[in-house]
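# Coordinate analysis (summary)
Chain by chain, the residues run as shown.
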Amino acid sequence: MAQALAQIKPAQVAASGSVSARPRAVSLNRRQKAAIIVRILLSEGTPLPLGSLPDGMQADLAQQMGDMRLVDRATLEQVVSEFLDELGQVGLTFPGGLAGAINLMEGHISDATATHLRRMMRMRGDSDPWDRISVASAEALLPLVTCESAEVAAVLLSKLPPSTAAGLLSQLPGDHARRIAHSMSRTRDIAPATVRRIGIALLTQLDSTPPRAFDTGPAERVGAILNVATEGMRADMLDGLLEADAAFAAEVRRSIFTFAHIPLRVEARDVPRILRVVDQPTLVVALAAASADPARSATAEFLLANLSQRMAQSLRDEIADRGNVKAAEGEAAMAAVVTAIRALEAAGELVLAPSETET
């Protein structure tokens, strides 16, 4: 922005060497000066977030730009010079508005205070609840889409980014998703005030959700523990959970990912990336232990088959030299491979296929 304005150069020295006579700049008010600056920046193709201004201010700016005609060079240079001087004096900016302040201080103030401030913000007539709803996580929005009527869910999805809306629809049963999509046809003439009231009601539900101490659910936490447990312990725990709570045991089983699951859920193209993050001695122990176990030998062959021939042969030679592996040592090495895969998944560097119980 400053570069675009800096291109408006002051009057040049005349060819004779004397300074050319400059007309006197016209005195303008701040609204007129603002219109000039906006006009210059728009003509240069500079993106301006004018939509973030209050509606009244946007209307005043448009009205002022509509009233103005020609501006002489001297006045233009003076307005630009004043603006650049003011811009150069800025040492710190604030987010503007309570919503921006809360977002800036997120994690530094208590959840109770943040919730109280958001409730205050909802009571203000100039706040837009959809600003916060549109950036909420899909996990937080899914219960709203699931529990609300198809008409309300249609309004909600219409106000979300298309990628977020598509992700939410994909998690719903087909008939429910189709009802919501059809309900969008009835939102054509809905009043802005109605949409705002719906947004306030949905935002109230979002803010009423109590803060959680854990980022993942109980089944995922138990599954993460059993992922690195020994085979015997895992089987014993699952049998006990099945007797105590069959539904919870099924959720835990879906969240479990073990060494034996690798051929079923890992893409062949991801194997070299996975094995690069596992240190060589650990990898050799894991493959040696798996090769000697009928239940896991298929995983060892899957990993070796998706490496270059030279690397695979080198590992086979090391496995042969390693010989027998103690059970505990083999379990720990295979768990390290599983942990590496989970870390890559969490970092977004690979995607695991759904388990058979999830499909």
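Residues numbered from 1 in each chain as written. Predicted model: local features only at pLDDT ≥ 70, side-chain atom pairs only at ≥ 80, totals over all residues. Heavy atoms only, no water.

This part covers the overall build of the protein chain. Helices and strands together make up the secondary structure of the protein chain, namely 21 helices and zero strands. The buried share of the protein chain, reckoned over its 359 residues, is 31%. Accessible surface, the protein chain as shown: approximately 22,100 Å² in total, 56% of it carbon and sulfur. (Helix = DSSP H or I, 4+ residues; strand = E, 2+ residues; numbered from the N terminus. Buried < 20%, exposed > 50% of the residue type's maximum accessible area, 1.4 Å probe, protein only. Areas by Shrake-Rupley, 256 points an atom, 1.4 Å probe, with all protein chains shown as cover.)

A few words now on the nonpolar core. Grouped together as the largest cluster of nonpolar side chains are 34 residues, with contacts concentrated most on Phe259, Ile262, Val266, Leu287, Leu303 and Ile341. Mapped by element, the contributors of at least two residues to this core are helix H17 (271–276), helix H18 (280–291), helix H19 (297–305), helix H20 (309–322) and helix H21 (327–346). When residues of this core are assigned to their parent elements, the largest contribution, eight residues, is made by H18. Discounting residues that sit within four places of it in the chain, Leu303 has contacts with Phe259, Ile262, Val271, Leu275 and Leu287. Judged by nonpolar contacts, the second largest core, of 23 residues, contains Ile133, Leu141, Ala154 and Val155. (Core = buried A, V, L, I, M, F, W, Y, C linked by side-chain atoms within 4.5 Å. Contact = heavy atoms within 4.5 Å.)

Per the counting criterion, the structure on display carries 13 salt bridges. In this structure, the salt-bridge partner of Asp60 is Arg31, at a minimum N-O distance of 3.9 Å. Taken together, the residues Asp60 in helix H3 (residues 55–67) and Arg31 in helix H2 (residues 30–43) connect sequence positions 29 residues apart. You can call Asp60 partly exposed: its relative accessible area is 35%. (Salt bridge = Lys/Arg side-chain N within 4 Å of Asp/Glu carboxyl O.)

Contact pair H18 / H21: the axes reach a minimum separation of 8 Å and the direction vectors enclose 115°. Once H18 is placed against H21, the crossing between them reads as left-handed. Across the interface between the two elements, Thr282, Val285, Ala286, Ala289 and Ala290 from H18 touch Glu329, Gly330, Ala333, Met334, Ala336 and Val337 from H21. (Axes fitted to C-alpha atoms, helices over the stretch in contact; angles between N-to-C directions. Left-handed = near helix turned anticlockwise from the far one by under 90°.)

By the burial criterion, the buried members of helix H8 (residues 138–147) are Leu141, Leu144 and Val145. Looking down the long axis of H8, one finds its buried residues gathered within 95° of arc, a one-sided arrangement. Opposite the buried face of H8, at more than 90 degrees from it, the exposed residues are Glu139 and Cys147. Tucked inside the fold, the buried residues of H8 contact helix H7 (130–133), helix H9 (150–158), helix H10 (162–170), helix H11 (174–183) and helix H12 (192–208). (Arc of directions from axis to C-beta.)

For any two helices packed against each other, the geometry is given by the interaxial angle and the distance between the axes. Running from N to C, H9 and H12 point in directions that differ by 95°, and their axes come no closer than 11 Å. The angle between H9 and H12 places the two elements in the roughly perpendicular class. Contact residues: H9 offers Val152, Val155 and Leu156, while H12 offers Val195, Ile198 and Leu202. Here the contact of H9 with H12 is composed, by residue class, of six nonpolar, no polar and no charged. (Parallel < 35°, antiparallel > 145°, perpendicular 65-115°, else oblique. Nonpolar A, V, L, I, M, F, W, Y, C, P; charged D, E, K, R; others polar.)

Once that is clear, we can look at the environment of Leu264. In this fold, Leu264 is placed in helix H16 (residues 262–265). Residue classification places Leu264 among the exposed positions, given a relative accessible area of 54%. Residues Leu264 and Leu352 lie 88 residues apart in sequence; the distance between their C-alpha atoms is 9.0 Å.

The residue His176 is located in helix H11 in this model. Beyond its immediate sequence surroundings of up to four residues, His176 is in contact with Val145 and Thr146.

Before going further, it helps to spend a moment on the confidence of the model for the protein chain. In this model, the protein chain carries an average pLDDT of 84, and 88% of its residues clear a pLDDT of 70 or more. Mean pLDDT values over the elements of the protein chain span from 59, in helix H1 (residues 2–6), up to 95, in H19. Every residue in residues 9–21 is under pLDDT 50, and counting partners more than four places away or in other chains gives nine contacts. (pLDDT = per-residue confidence, 0-100.)

Once that is clear, we can look at the side chain of Thr299. Tracing the sequence through the fold places Thr299 in helix H19. Sequence-distant contacts of Thr299, defined by excluding residues within four places in its chain, comprise Phe259, Ala260, Ile262 and Pro263.

Counted at 1.5 Å a residue, the expected span for H20 with its 14 residues is 20 Å, and the 20 Å between its end C-alpha atoms agrees. Looking at the buried residues of H20, the elements they touch are H18 and H19. (Expected span 1.5 Å × (residues − 1).)

Considering the arrangement of structural elements, one finds Ser255 in helix H15 (residues 246–255). Using a relative accessible area of 13% as the deciding quantity, one classes Ser255 as buried. On a C-alpha basis, the gap between Ser255 and Arg221 in space is 8.6 Å, while along the polypeptide they are 34 residues apart. At 3.1 Å, the side chain of Ser255 forms a polar contact with the backbone oxygen of Ala219. (Polar contact = N/O pair within 3.5 Å; in protein donor to acceptor, adjacent residues only side chain to side chain.)

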